[in-house]
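Close look at the chain arrangement
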Amino acid sequence: ILPILVHGDAAIAGQGVVYEVTQMAKLNGYKTGGTIHIVVNNQIGFTTNYLDARSSTYCTDVAKVTLSPVLHVNADDVEAVCHAMEMAVEFRMKFKRDIFIDLLGYRKYGHNEGDEPRFTQPNLYKAISKHANPKEIYAQKLVEEGIIDHEYIQSITDDFKRMLEVEFDKSKKDQSSKVKEFMKSTWKGFTRQKLDAMLKPIDTTYSVEKLKEISRIVSTVPEGVKFLRKAVRILKGRHQMVFEKNTLDWGMAETLAYGSLMEEGYDIRISGQDVERGTFSHRHAILRDELSEERINLLNTNKHSKGEMRIYNSLLSEYGVLGFDYGYAMANPNTLTIWEAQFGDFSNGAQIIFDQYISAAEDKWKIQNGIVVLLPHGYEGQGSEHSSARIERYLQLCAKHNMTVANCTTPANFYHLLRRHMKRDFRKPLIVFTPKSLLRHPKALSSIEELAEGNFQEIIDDTINPAHVKKLVFCTGKFYYDLILEREKLDRKDVALVRIEQLFPLHNEKIQQVLDRYPKVKNYVWAQEEPKNMGAWSHMLQRFENIQLKVASRKYYAVPAAGSSARFNKRHQAVIDKVFETN
C-alpha cells in the first residue's frame with residue numbers, strides 16, 4: 001500500500017485532526033509505514049488571506065512535529081511537480097516515514113465558481129486574471145524548446161475535450177445497476193439488512209467447557225513469566241469467579257466474549273485511551289513481565305484461537321483515533337473493531353465522525369460498517385464531565401435502521417451483544433453505554449451458564465409477581481440497580497422494574513409481551529437518572545409506541561451532573577422517590 005492524504009492549505013494549518021493524525025505516524029496501533037501528504041496550497045479553503053489563516057510561516061509547519069521533510073514546489077512548474085512526487089515516493093519507500101509536498105498554486109476563481117474573491121483580495125486576483133495557466137506555461141516551454149508545435153497542442157486539446165464530452169453524455173444515462181460496491185470482495189457474503197433483521201434472534205451460545213478452558217488460560221501465569229503481585233491477584237480473582245463462585249463480573253464476561261469469538265475465527269481490535277487495563281482497571285488485557293517488561297496478552301496464548309487480539313492504548317485523541325478505527329472496520333468486516341472512550345463524554349471530541357460517518361454512511365453511500373463504540377456512562381456523583389455519555393445525542397441520530405444503541409445491565413447480556421454483533425451476516429455500528437460502578441457491583445454478576453446458553457435480551461422483565469403490580473417502571477443501565485435497592489429497602493411488591501437493554505431499535509413486540517403480563521397496572525413510567533432534557537426520555541417519548549409513559553427524572557438542567565456530591569445525592573434521591581411515590 002501507499003497511503004496518500006490530500007489536504008488544503010487552510011485545513012492542514014487549521015484543523016485539529018491533522019495534528020492528531022500526524023502524531024499517529026510512528027505509533028504501533030496506527031502507523032502505515034509512511035504517508036505522502038499532498039497539500040493543495042491555493043487558498044481553496046475559504047476566501048481569506050493566508051495571514052488570517054495561520055500563525056506559522058508555512059501551512060505545512062505541522063510536519064515539524066515528526067521531523068518530516070517538506071518539499072515546497074511551484075505548481076506552475078510541471079516537471080518540478082513530477083520530480084517532487086517521485087522524490088516523495090522514493091523517500092517514503094526507503095525510510096518508511098511521512099513526507100509532505102507543499103504544492104504552491106492558486107485558484108482561478110473564488111471558493112466556488114460563483115464566489116467573488118476580489119471582495120477580499122483585489123490585487124491578488126488582478127494578478128491571477130492575467131496569469132497563464134500551467135498548461136499554457138508548459139506548452140509554451142515545450143514549443144520554445146522545439147519538442148512540440150502548436151498543431152500538436154491543438155490536436156491533443158481537441159482529443160481531450162472530445163473524451164470529456166463522451167464521458168459527460170454517458171454520465172447523464174442511468175447507470176445505477178452498474179455501480180460497483182465499495183470493497184466488494186472484502187464484504188463478500190454480507191447483506192444489507194433492515195429493521196426486521198436487526199431484531200431477529202441470533203444464536204450466540206458457546207459451550208460451558210470451551211468457556212471454562214478460555215477462563216483457565218486467562219487466569220494462569222504462563223510458564224517462565226513473572227507478573228507483578230497485583231496482576232497475579234487479578235488472575236486468581238478470575239479463576240475464583242469461574243471455578244469456585246460461578247459469578248462472573250463485567251470484565252470476565254467481556255474477556256470471554258473476545259476469547260470465544262477468536263476461537264471462531266474473528267480478530268479483535270481495540271483502541272482508545274487506557275484500554276489495555278481499562279480506564280477503571282477492569283480489563284487487564286495486557287500484562288507485563290516484571291523482568292523483561294514484555295507485553296503479554298493471555299488470550300493470544302490460546303492454541304485453539306483462529307483469530308488474534310490487538311489492543312492499543314491510544315494517543316490522547318478521539319477524533320483521529322475513532323476516524324482511524326472506523327476506516328479499519330470498513331476494511332475488516334470480520335474483525336470486532338472497538339473504540340472505547342476513557343469516559344463517555346470524551347466522544348464529543350469525535351462528534352464529526354459520529355455525525356458524518358457512523359450515523360449516516362449507509363444512507364449516504366450504502367457503505368456498511370461494524371465499528372463498536374464503548375462509552376462509559378452513569379451518575380455516581382462525579383463531576384459534570386464524567387457522568388454522562390450524552391445518550392440523547394446518539395438516539396437523536398438513530399433512524400432508518402442505521403445503528404444499534406444499547407445500555408446493558410448484566411455481564412452476560414454484554415457478552416451476547418458483542419457475539420451477536422459479529423455473528424450477523426450484516427454490519428451496523430454499535431454504540432454501547434458501558435458501566436463504571438457496575439464493573440464491581442455485587443449484583444451485576446452472571447453465571448457461566450448464562451453466557452453459554454443464553455442470548456441477547458433487548459428487554460429484561462422483572463421477576464416479581466405480576467398480579468400485585470400497579471406501577472410499571474421502564475429504565476435502562478445502571479439506574480436499575482439504584483431502583484432495585486430502594487424497592488428492597490421499601491419492601492414494595494407493587495412496582496415492577498423493566499430494563500430496556502437495547503434503546504435502538506426498540507423491540508416493540510417484546511415490550512408488548514411484557515405489558516400484557518401486568519393486567520392491573522395503572523401507571524407507566526420512564527425512569528432515568530439524567531435531567532429531563534437529556535438521557536433517553538425524548539427518544540422514548542417519540543419511539544415508545546405501545547402506551548403513554550410519564551417520566552421520573554431530574555429537572556431540566558444545562559449541565560449533566562451537579563458537580564457536588566451533596567447536591568448529587570439530593571437530586572438523585574428525589575428521582576428515586578418520584579419513582580416510588582404512591583399517587
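All values reported here derive from a predicted model rather than from experimental measurement.

Attention now moves to the side chain of S317. With respect to the helices and strands, the residue S317 is situated in the loop between strand 8 (309–313) and helix 12 (319–331). A polar side-chain atom of S317 sits 3.3 Å from the main-chain amide nitrogen of G320. Non-local contacts of S317, meaning those with residues more than four positions away in its chain, are made with E20 and Q273.

Below, the discussion takes up the packing of aromatic side chains. To describe a pair of aromatic rings, you give the distance between the ring centres and the angle between the ring planes. Enumeration according to the criterion identifies 12 aromatic pairs in this entry. Ring geometry for Y326 and Y357: centres 5.7 Å apart, planes at 55°, overall tilted. Of this pair, Y326 sits in helix 12 while Y357 sits in helix 13 (residues 351–358); the two residues are 31 residues apart in sequence, bridging distant segments of the chain. The partly exposed category is assigned to Y357, whose relative accessible area is 34%. Centre to centre, the rings of Y357 and W365 are 5.8 Å apart; their planes meet at 40°, and the pair counts as tilted. Site record: aromatic cluster; members linked through ring pairs are F280, F343 and F346. Between K94 and the ring centre of F95, over which it is positioned, the NZ or CZ distance is 5.7 Å. The ring of Y328 has R269 sitting right over it, with the charged end atom 4.6 Å from the ring centre.

Spatial strand order, 8-5-9-10-12-11-16: seven strands in an open sheet with mixed pairing. The open sheet has two edge strands, strand 8 and strand 16 (502–504), and neither has a second partner. Recorded for the sheet is a direction-independent mean angle of 20° between the axes of neighbouring strands. Bridge count between strand 10 (residues 372–376) and strand 12 (residues 430–434): five bridges; the pairing is parallel. Along strand 12, the bridge assignment pairs V373 with I431. Contacting strand 5 (267–272), strand 8, strand 9 (335–340) and strand 12, helix 11 (residues 250–263) runs over the sheet at an angle of about 140° to strand 5.

Along strand 5, five of the six residues are buried, which leaves the element largely enclosed by surrounding structure. In the sheet, strand 5 pairs with strand 8 via five bridges, with the strands oriented parallel. Bridge pairing in strand 8 links I270 to I311.

Cut-offs used in this document
- Residues numbered from 1 in each chain as written.
- Predicted model: local features only at pLDDT ≥ 70, side-chain atom pairs only at ≥ 80, totals over all residues.
- Heavy atoms only, no water.
- Helix = DSSP H or I, 4+ residues; strand = E, 2+ residues; numbered from the N terminus.
- Polar contact = N/O pair within 3.5 Å; in protein donor to acceptor, adjacent residues only side chain to side chain.
- Contact = heavy atoms within 4.5 Å.
- Phe/Tyr/Trp six-rings, centres within 6.5 Å; stacked < 30°, edge-to-face > 60°.
- Buried < 20%, exposed > 50% of the residue type's maximum accessible area, 1.4 Å probe, protein only.
- Lys NZ or Arg CZ within 6 Å of the ring centre and 35° of its normal.
- Pairing = 2+ DSSP bridges.
- Axes fitted to C-alpha atoms, helices over the stretch in contact; angles between N-to-C directions.

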